[in-house]
Each structure stands twice: as structure tokens, then as C-alpha cells.
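# Close look at the chain arrangement
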Amino acid sequence: MNPQRQARAVRLGPRSLAALVLVSAVGVAGFGWPFLAPPTSQLSAHAQDAPWLFAGLLVLLVAVVAAAISESGLGPKAVAMLGVLAATGAALRPIGAGTAGIEPMFFLMVLSGRVLGPGFGFVLGSVTMFASALLTGGVGPWLPFQMLAMGWFAMGAGLLPGPDRLRGRAELILLAAYGFLAAFAYGTVMNMAGWPFMSALASNVAFDPQAAVPANLARFLAYCLATSLGWDLGRAVVTVVLTLTLGPAVLRALRRATRRAAFETPVTFDAPSAVKPPT
């Protein structure tokens, strides 16, 4: 028997795909500009201002992507599920966040993106990070970068192979492996967002606008090893453990809710039946 095709809360159309590619390209430039701009460029000359510029630009672009994805089919039922999952993720984030990078929200983003698809995953990741920042008071120039990185994180889970056929232990292992690697990737790109704020005079692992790319790459790797390796490892391990232990129950609940919501079932209205006139 062929498995039933998994429904998607959002089907990405050409406009939303174009917006997503645009914001991702600008995001790559915003995260990686220290390695893309030569030392003689004006961008490197304003190393302390560039993160603010990219942060302001990303706010607008993330809003454009969310609007484009919403236009392609984020109906009332999907909005309701988005609100529930975003609130849950925002509530999970503060739990253990001050201890060795223990952040249980990441496993929920992985499972939600897997079940509900890449379009919904991107919106969910961005909205969850925004809501959690308001909840914890973590609003700052780093927030747009966090929103985009979390959007990528959840979207990537929706792009994993076998959404309609892969089930059971094989799917859990795939999701756990993705969560482990993506947790490190999230920490690395967020390091890129904050690293240029450091003064080169303060540390030999800080970004040096006058240094060549290989020298700055060595500084960045040393910075990651010295400051965030423990946090990234804790986040990755917690994501794997929660995915393997709670994953089966959460996946079943999400898929059951998706089937009952019937996101892709068109809404139809029957014509009113003719009323027989009184005799």
C-alpha cells in the first residue's frame, strides 16, 4: 500500500520562493561579509556599523518573506497552528538556556519543520525567535540574525528527504542527525553575526578589518572554539536526546493535527436548497 502524501500547511509558490531566495542571499551576505569584503572596502572600514546595517535590512526582508509565504496559502487553520507552536517554542527557549546551551526549543523546530514543510518551518522559526525575544527581553541588533537563522534551521528540516515514506526509527535517526549538525551550524552563523562587534585591539581572536581573509578565518575558528563550542555541543546533544525520546509522540501528534486540520482541502459552499412556496 502506498503511503498517504503528507499535507503541507503552506505550499510555496513562485513569489514566496523568490522572496525566500532573496532574503537568504542577503542573509548570507549579512552573516559572512567579513569573509566576502576585501580589507580595502568601505564595508570593512565601517566594521562596527555593518552589523547594524544588515540587521535593519534583514528586518524588512524577513517581513517580506513572511508576507509572501502567507499570501501563498497561510490560512486561518495554519495561523492557529503557527500561534500554538510559536508560543510553545518561545516558552521552551528560556528553560535551561543559561546552562551549557540547553535549549529544548530546537527539537520542536526540527519536528515541526519536518511535518509541516519548509515554508511553514521558515515562518515558524522566525516568529518563534521573535516571540521568545519579547518574552525574555532579548531584543537587540542580533534578533534579526536569530530570526533568519532559526527560520533556516526549521526550513531545513522540512527539506529533508522522504517526508511521505520515511517513518519509524530511520526517520528519527535522520532528524536527530540533522538536529545535531544544524545546532552547530546555528551557533556558527550566530557567531558570525556578533564577532565583528569585537574590537581587534581587545583580543587576538577578534575580527580585524585590516587582515586578509585567511587570517580572519583563523581568528574566527579560534573564537568559536574558545567561546561557543560548549554551548553548541550542549544544544546539539539536547536536540538529539529529545528527538529520540520524545520525537515519536510529538511527530504523531503533529501529523494527527495536520490531518484533522486538512490544510489542503479546498473550502466549498453548497448552494442553498430551493424553498417550496407555501400553498
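Everything below is about the structure shown above.
Let us look at the structure shown here. Since the structure is predicted, the reported quantities are computational estimates derived from the model, not experimental observations. (Residues numbered from 1 in each chain as written. Predicted model: local features only at pLDDT ≥ 70, side-chain atom pairs only at ≥ 80, totals over all residues. Heavy atoms only, no water.)

### A look at the nonpolar core
Threshold: Remark: nonpolar core denotes a set of buried residues (Ala, Val, Leu, Ile, Met, Phe, Trp, Tyr, Cys) joined through side-chain atoms within 4.5 Å. Only protein chains enter the area calculation, which uses a 1.4 Å probe; residues under 20% of their type maximum are buried, those over 50% are exposed, and those in between are partly exposed. Runs of H or I in DSSP of at least four residues are treated as helices and runs of E of at least two as strands, each being numbered from the N terminus. Contacts were defined at the residue level, with two residues in contact if any of their heavy atoms lie within 4.5 Å.
In terms of nonpolar packing, the biggest core is built from 56 residues, with Phe31, Leu85, Met109, Phe120, Met150, Phe153 and Tyr186 touching the most fellow members. When contributions to this core are tallied by element, the ones reaching two or more residues are helix H1 (14–36), helix H4 (76–92), helix H5 (105–116), helix H6 (118–136), helix H7 (143–158), helix H8 (169–194), helix H9 (213–227) and helix H10 (229–261). Considering every element that reaches this core, the biggest residue donor is H7, with 10 residues. Excluding residues that lie within four positions of it along the chain, Met109 makes contacts with Gly89, Leu124, Gly125, Thr128, Met150, Phe153 and Ala154.

### Points about the environment of Pro248
If you trace the backbone, Pro248 turns up in helix H10. Taking relative accessible area as the criterion, Pro248 reaches 29% and is therefore assigned partly exposed. Sequence separation between Pro248 and Glu171 is 77 residues, and the spatial gap between their C-alpha atoms is 9.5 Å. Look past the residues within four positions of Pro248 in its chain and what remains in contact with it is Leu172 and Thr243.

### Some points on the layout of surface pockets
Going by this rule: Put simply, the grid is 1 Å and covers the protein atoms alone, a cavity is a trapped set of points that fit a 1.4 Å probe, a pocket is an open set with protein on both sides within 12 Å along at least five of seven lines, and lining residues have an atom within 4 Å of a point. Grid points are joined across faces, edges and corners, and a volume is the space filled by probe spheres set on the points. Classes in brief: Ala, Val, Leu, Ile, Met, Phe, Trp, Tyr, Cys and Pro nonpolar; Asp, Glu, Lys and Arg charged; the others, Gly included, polar.
As a volume, the largest pocket reaches approximately 530 Å³. The wall of the largest pocket is formed by 25 residues, among which Arg93, Gln146, Tyr186, Met190 and Arg235 lie closest to the centre. Here the element with the most residues in the lining of the largest pocket is H8; it accounts for 6 residues. Of the residues contributing to the lining of the largest pocket, the split by class is 15 nonpolar, 6 polar and 4 charged.

### Re H9
Turn by turn, an α-helix covers 3.6 residues, leaving residues three or four places apart pointing in a common direction. Going by this rule: Take the residue count of a helix, subtract one, and multiply by 1.5 Å to get its expected span. Think of the arc as the fan of directions from the helix axis to the C-beta atoms.
Counted at 1.5 Å a residue, the expected span for H9 with its 15 residues is 21 Å, and the 21 Å between its end C-alpha atoms agrees. Of all the positions in H9, only Asn216, Phe220, Tyr223 and Cys224 are classed as buried. Viewed along the axis of H9, the buried residues span an arc of 95°, placing them on a single side of the element. In H9, the exposed positions angled more than 90 degrees off the buried face are occupied by Pro214, Leu225 and Ala226.

### Let's talk about the pattern of salt bridges
Put simply, the rule is: Here, a salt bridge means any side-chain nitrogen of Lys or Arg that lies within 4 Å of a carboxyl oxygen of Asp or Glu.
Inspection of the entire model under this criterion finds 5 salt bridges. The partner of Glu171 in a salt bridge is Arg114, and the shortest N-O contact between them spans 2.9 Å. Note that Glu171 is positioned in helix H8 and Arg114 in helix H5, a separation of 57 residues in sequence. What makes Arg114 buried here is its relative accessible area of 0%. Note that Arg235 and Asp232 form a salt bridge whose closest N and O atoms lie 2.8 Å from each other. In this pair, Arg235 and Asp232 are both assigned in helix H10, 3 residues apart and thus about one turn of the helix distant. Residue Arg235 shares its accessibility class with Asp232, and that shared class is buried. Within this structure, Arg114, Arg167, Glu171 and Arg255 form a network of salt bridges that share partners.

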